[in-house]
Amino acid sequence: MFVFAASDKGGTGRSVTSANLAYQRALGGDHVAYVDFDFGSPTAAAVFDVPSAMRGTRERGLHSYLEGEVTEPAGIDIWRHTEHSVLRARQNQAGRLVLYPGDIGGGEFATGEEALERCVDLLLRLNSEFDLVVVDLSAGRSYAVDLVLAATAHPRTRHVPYRWLVFHRWTHQHVIAAAGLVHHENGIVRSGVDRGHDEETLQGSIRFVRAAVPDPESPLWSQVSHAQQAWMQSCDKALRRLAADQRVGDSVVLGTVPLEPILQWREQLITEDDVLSTQIANKETLEALEEIARRLTDDSHWGRP
Amino acid sequence: MAPEGTAPRAVLACGEVRTCLLPAGQALDSRAAAQLLRLRADERVLVSERPNLYGLSPDTLTGVDCRLPSSNGARVRAVGTVAARAALTEGRVLQTSAYFRVPATGPDHRRPWGQYLVRPGVVEPFGRLPREAVAEGLLDGGRHGELDVGLIADGMQTRLLRHPLLDHRPPLRSRPTRLRWVALPARDGDGPSIERFTLAEDALRTVRLRVPEGVRSADIAGLCDDLALHDWLLTTVVRILDGIRLGPGEPWPRPGPAGDLPVVVGALRPAVDHLLHLWMPRARVSGELAHLWAALEERPGFTRQWLTLVQRVRDQLALHAIPPSYREVEPRP
Amino acid sequence: MKDVVFRETTAEPRTQSVPLSHLSLELGHLYMEDFEAGPGRLRRHFEAVRPWVEAARSAAADRAGGGRPRISTCFLVDDYFTRFSRPAELVPLLLAEAGRAGLTVDYLARESGCAVNGKVPVAEAVAGRIVEEPPPGSYGNRPPAAQTGWLANGVRSPAARTPQAMQRAAAWQPPTETAARRHSVFLDVELFSDTPDGQRVWSCPFLAAVWQLARLGLLRHQGDAVLDPHPHTGSAFPDDWDELPALVRLNPRAAPFAAYRTCSVLPNRFLPVEHAVRVILDQLEVDAEALRQVGERSARENVSLPASVADRVSYLFYAGS
């Protein structure tokens, strides 16, 4: 299955959250590929902590592959190459986790027919090797979004299931932006239909992930005043109303990731170690990630709401 | 098959074979296999049904003009053609194989292209070939810009995987493997032998062979295709057995209509349906090379490992055939 | 070696062999404009050809080492690009004009037989045998996007691309001939074009290259010979070109159609076409078994033969159009 991670704006934690989902799925036994289609700023290497393995893949990343400079893009086996001490001790029964990075210093580029065919080749090869292929896409209405919409409408991929995760922060502007990315003119649905997707099927395969959501119930906010508490709750309520109006309401939300400093600042994978031994991450965050990871393949959360 | 009589004597042969599960829900029958492998309108696909269903495409050529990799940094330019072909075993396992041979010396200039084309699968060095260094260089894989026979095998695989016959619904997830080989001349009077079979990182295997003069490079490639096929089968079934979670953890939900099969049965069933009947070493290895299998059967014991794996698969399935209420404990590996 | 007890015919390659002459001598191509110019044009052509035919025959005799060389003559009529006249009218006229110059046409071929012959897609199959000449630096990577329908004898001048943002546009670079001696004679050959309704039209040089392969006995389709000569029985020729076999043996005593070498006697205007033919032939991987059969037979007859297929082809160009 392909999972496409999209967002309208930067700063939604799309890359780091989708990397965490890939990590969780691999821990649970899936073979997972993480494909960095964030062409403008390829950063996945930092998330997985594989800086030196990246040096060995210079000029063999996805940019070069899609442009036809190399025939096989470099893949980095995370368990073997990560410099993250916890990750390196690969959990028993974990599946493979392989990062397909972009070129170092690569940028956005226009894609053509050839790049589309190569993209389809790549996705299909990964599909026959991995249980789950997570594709992190450049923010906004990007070439990357266009490319995978065309690739999943291609006759060769007709039998491969795909799902979209649209990440947004829990603010007025982000809710509107995420709705726009999906529903507006030139949005994912319209562009997808233009490329041959069935509107209902495509709609049914898009879910939203609310990121960096402050939970008024969380112990983090237990010290705040009563007035603050009430204000936060009313804001939250207003946002829910807005989200429902914009067709990004609760029925199409796959999950919510709490506001978590470690995701915001360290931009790395959250391990059990971070929760249990060093306690720098919240248990709720890890649980939220595990739950979203589980729901990725739980059909009861997908389809027309 | 390409005649080798017209070319100067080869002192080194090299190739790479890529092996993968055909990404199709159903195995191809012989007609469909012939259709897939018809790389040229005017050449037959060789289809054989004994002792198993097997199709072999015609050879196609790719022109090269570049340096050969070498372990000591020797800079040897070479020009010629690399042959590549595809094979499909039981309509299920696709192999693309690229190979070439190199004579001991060649002219120190490039000749008209038509003269290379009448020696298919020959790559000629400029001057003398530093044989040992190049053999090691080829096995290690060269630097960027040096001859990469794997790319040619990969290019053919990519081309075949675009065929409209394939629905890209593989019955199981599996990892493609690469097997790179070199063959050097055997010492006078010696028969063929395998000097080294190495499992390297990233699903790469390397094989170093010695063969007497006169053994055709297509036959050596055939032997290596056979080794690669069986190594892939072992690798793939081991992975399936590794992947069945027998512990307490809850497995991830699977999309699609929920089957009532136990998870372990769901994971093992494709191996039974699609892989277990494929084990048939030496089925198409030429007579003079067939006995090379004996060394691998001795150590590490390919067939011995296979039989053990097959037994494990069957035991697991047998255990799960027992209704849970009659089991005292949950099955473990 | 193969198991001798058990055989599967579908599992073994098989290639038909064809009889061979020493030389296939082509007396000319006929196009509509030649026909429209009237019988005088044909007469002048055969008169101009005759001395060169003599020269080609004596050169073949020298090469055959004293023995009497087997030589067959042939003539090609274009019925592919334009349809004109009728076999019943044209063939007797052609034979009469050749006879007047003292020449015998042993075999007559229709050009469309080089495109499709019966159910065999001859040209398409030959196009599938192109192995492009690799420029230095080709290490097994996919060749830079091939120009569909074109074949060059070197590296094309890079197409002017819009440079990426913040990068300078590259200066013009010349095309280069890969086999150049210091300076290039770059040639880019159009192999075919597609009509708006999807019909593929093969170019004249490409069909001429197929024609050369047929004459060299190197064309096979799944092991069978292509362009088998049909004897001409009866006296009349049909009214429709489609009813005439692609290759007709007009002279029952003719030496075999295919030969170790070919020679074509043509007016100068064919020079660019035949240069293109050479560029194509030099990048064709011909059927290996057919090539081996020809090589073995020539060796048995002590006939020396160039290894390269393109070098087995020769021309005599006469002044005129």
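Residues numbered from 1 in each chain as written. Chains lettered and ligands numbered in written order. Predicted model: local features only at pLDDT ≥ 70, side-chain atom pairs only at ≥ 80, totals over all residues.

A. Quick look at the overall build of chain C. Helices and strands together make up the secondary structure of chain C, namely 7 helices and 15 strands. In terms of overall size, chain C behaves like a compact globule, its C-alpha atoms giving a radius of gyration of 22 Å where 321 residues would be expected to give roughly 20 Å. When its C-alpha atoms are laid out on the principal axes, chain C stretches across 75 × 65 × 45 Å. Burial analysis of chain C (321 residues in total) assigns 40% to the buried set. Across chain C, every contact between residues at least 6 apart in sequence was considered, and the portion connecting residues at least 24 apart equals 79%. (Helix = DSSP H or I, 4+ residues; strand = E, 2+ residues; numbered from the N terminus. Rg over C-alpha atoms; globule rule 2.2 N^0.38 Å. Buried ≥ 20, exposed ≤ 12 C-beta atoms within 10 Å, placed from the backbone. Contact = placed C-beta atoms within 7 Å.)

B. Region of the structure containing the overall build of chain A. The number of helices and strands found in chain A is 15 helices and 8 strands. Computed over its C-alpha atoms, the radius of gyration of chain A comes to 19 Å, within 12% of the 19 Å expected for a compact globule of 305 residues. Once the C-alpha set of chain A is aligned to its principal axes, its extents read approximately 60 × 45 × 35 Å. Within the span of chain A, comprising 305 residues, buried residues form 50% of the whole.

C. Highlighting the interface of chain B and chain C. Between chain B and chain C, the contact holds 38 residues from the first and 41 residues from the second. Contributing elements (two or more residues each) for the side of chain B that touches chain C: β2 (46–48), β4 (60–68), β5 (76–89), α2 (113–117) and α4 (149–161) of chain B. Sort the elements by how many residues they give to the side of chain B that touches chain C and β4 of chain B lands first, with 6 residues. Partitioning the side of chain B that touches chain C into residue classes produces 19 nonpolar, 10 polar and 9 charged. (Nonpolar A, V, L, I, M, F, W, Y, C, P; charged D, E, K, R; others polar.)

D. Representation of the sheet that holds strand β14 (residues 259–267) of chain C within the structure. Residue and element names in this part refer to chain C. Ordered by their spatial adjacency, 7 strands build an open sheet running β12-β13-β3-β2-β1-β14-β15, and the pairing between neighbours is mixed. The open sheet has two edge strands, β12 (230–231) and β15 (313–318), and neither has a second partner. Judged from the 3 bridges that link them, strand β3 (residues 107–110) and strand β13 (residues 247–249) form a sheet pairing that is antiparallel. From the neighbouring strand, Tyr 107 faces β13, where its bridge partner is Arg 249. The sheet strands contacting helix α2 (residues 39–63) are β1 (21–30), β2 (71–77), β14 and β15, and the helix crosses β1 at an angle near 165 degrees. (Pairing = 2+ DSSP bridges. Axes fitted to C-alpha atoms, helices over the stretch in contact; angles between N-to-C directions.)

E. Molecular detail of the environment of Leu 319 of chain B. Residues and elements named next belong to chain B. Looking at the element boundaries, Leu 319 is found in helix α9 (residues 302–321). Overall, Leu 319 belongs to the partly exposed group, with 15 C-beta atoms counted inside 10 Å. Along the primary structure Leu 319 and Val 265 are separated by 54 residues, whereas in three dimensions their C-alpha atoms are 9.8 Å apart.

F. Structural context of the sheet that holds strand β2 (residues 32–37) of chain A. Residues and elements named next belong to chain A. With mixed pairing, the 8 strands of this open sheet are ordered in space as β3-β4-β2-β5-β1-β6-β7-β8. A single partner strand is all that each edge strand has here, and the edge strands are β3 (76–77) and β8 (253–258). Direction of pairing for strand β7 (residues 206–213) relative to β8: parallel, over a ladder of 4 bridges. Bridge pairing links Phe 208 to Val 253 in β8.

G. Representation of the environment of Arg 216 of chain B in the model. Residues and elements named next belong to chain B. Positionally, Arg 216 belongs in the loop between β12 (204–211) and α5 (217–243). Note on Arg 216: 20 C-beta atoms within 10 Å, which makes it buried. Taking the C-alpha atoms as reference points, Arg 216 and Ser 286, 70 residues apart in sequence, are found 9.8 Å from one another.

H. Quick look at the pairing of strand β11 (residues 193–199) of chain B. Judged from the 6 bridges that link them, β11 of chain B and β12 of chain B form a sheet pairing that is antiparallel. Among the inter-strand pairings, Leu 199 of chain B is bridged to a residue of β12 of chain B, identified as Arg 205 of chain B.

I. Inspection of the nonpolar core at higher detail. Grouped together as the largest cluster of nonpolar side chains are 258 residues, with contacts concentrated most on Val 134 and Val 135 of chain A together with Val 210 of chain C. When residues of this core are assigned to domains, at least three fall in each of domain 1 (10–215) and domain 2 (236–326) of chain B. Each residue touching Val 134 of chain A, except ones within four places of it in the same chain, is listed here: Val 3, Ala 5, Ser 18, Leu 21, Ala 22, Val 32, Tyr 34 and Val 35 of chain A. (Core = buried A, V, L, I, M, F, W, Y, C linked by C-beta atoms within 7 Å. Domains from an automatic or database assignment.)

J. Quick peek at helix α9 (residues 172–183) of chain A. All names here are of chain A. Taking 1.5 Å per residue, 12 residues should reach 16 Å; α9 reaches 16 Å between its end C-alpha atoms and fits that length. Turning to α9, its buried residues number three or more, namely His 174, Val 175, Ala 177, Ala 178, Ala 179, Leu 181 and Val 182. Turning to α9, the residues buried within the fold contact β1 (2–7), β6 (162–169), α10 (188–194), β7 and α12 (226–245). (Expected span 1.5 Å × (residues − 1).)

K. Main features of the packing of helix α1 (residues 14–27) of chain A against helix α15 (residues 283–295) of chain A. All names here are of chain A. Packing of α1 against α15 leaves a shortest axis separation of 9 Å and a crossing angle of 75 degrees. The angle between α1 and α15 falls in the class roughly perpendicular. Together, Asn 20, Leu 21, Gln 24 and Arg 25 of α1 and Leu 289, Glu 290, Ile 292 and Ala 293 of α15 make up the contact between the two elements. Within the contact of α1 with α15, the residues separate by chemical class into 4 nonpolar, 2 polar and 2 charged. (Parallel < 35°, antiparallel > 145°, perpendicular 65-115°, else oblique.)

L. Spotlight on unusual backbone geometry. Cis geometry is adopted by the peptide bond preceding Pro 51 of chain B, which originates at Arg 50 of chain B and carries an omega value of 0 degrees. Examined against the element boundaries, Pro 51 of chain B turns out to sit in the loop between β2 and β3 (54–56). With an omega of 5 degrees, the peptide bond running from Arg 299 of chain B to Pro 300 of chain B counts as cis. Position of Pro 300 of chain B among the secondary structure elements: in the loop between α8 (292–298) and α9. For Arg 282 of chain B, which is not glycine, the phi torsion reads 70 degrees and is therefore positive. A tally of 17 C-beta atoms within 10 Å means that Arg 282 of chain B is categorised as partly exposed. Of note, the phi angle at Gln 222 of chain C is positive, near 45 degrees, even though the residue is not glycine.

M. Representation of the packing of α2 of chain C against helix α3 (residues 87–100) of chain C within the structure. Residue and element names in this part refer to chain C. Here α2 crosses α3 at 40 degrees, and the two axes come no closer than 9 Å. Here α2 lies oblique to α3, going by the angle between them. Between α2 and α3 the crossing geometry is right-handed. Contact residues: α2 offers Pro 39, Leu 42, Arg 43 and Phe 46, while α3 offers Leu 93, Leu 94, Glu 97, Ala 98 and Arg 100. (Left-handed = near helix turned anticlockwise from the far one by under 90°.)

N. Examining α12 of chain A more closely. Residue and element names in this part refer to chain A. Here α12 spans 29 Å end to end across 20 residues, near enough to the 28 Å set by a 1.5 Å rise per residue. For α12, a buried count of 1 out of 20 residues is recorded, marking the element as mostly open to its surroundings. Where α12 ends, the next residue or the one after it, Arg 247, has phi of about 60 degrees, a positive value.

O. Just the pairing of strand β5 (residues 132–137) of chain A, in detail. Residue and element names in this part refer to chain A. Among the 6 residues of β5, 6 are classified as buried, and the element is accordingly described as predominantly covered. In β5, alternate side chains face the same way, and those of Leu 132, Val 134 and Asp 136 on one face and Val 133, Val 135 and Leu 137 on the other are all buried. In this structure, β1 lies alongside β5, joined through 4 bridges in parallel fashion. Paired with Phe 4 across the bridge in β5 is Val 135. Bridging between β2 and β5 involves 6 bridges; their strand directions are parallel.

P. Geometry of the confidence of the model for chain C. Mean pLDDT over chain C: 90, with 93% of residues reaching 70 or higher. The ipTM value of the predicted complex is 0.92, and its pTM value is 0.93. (pLDDT = per-residue confidence, 0-100.)

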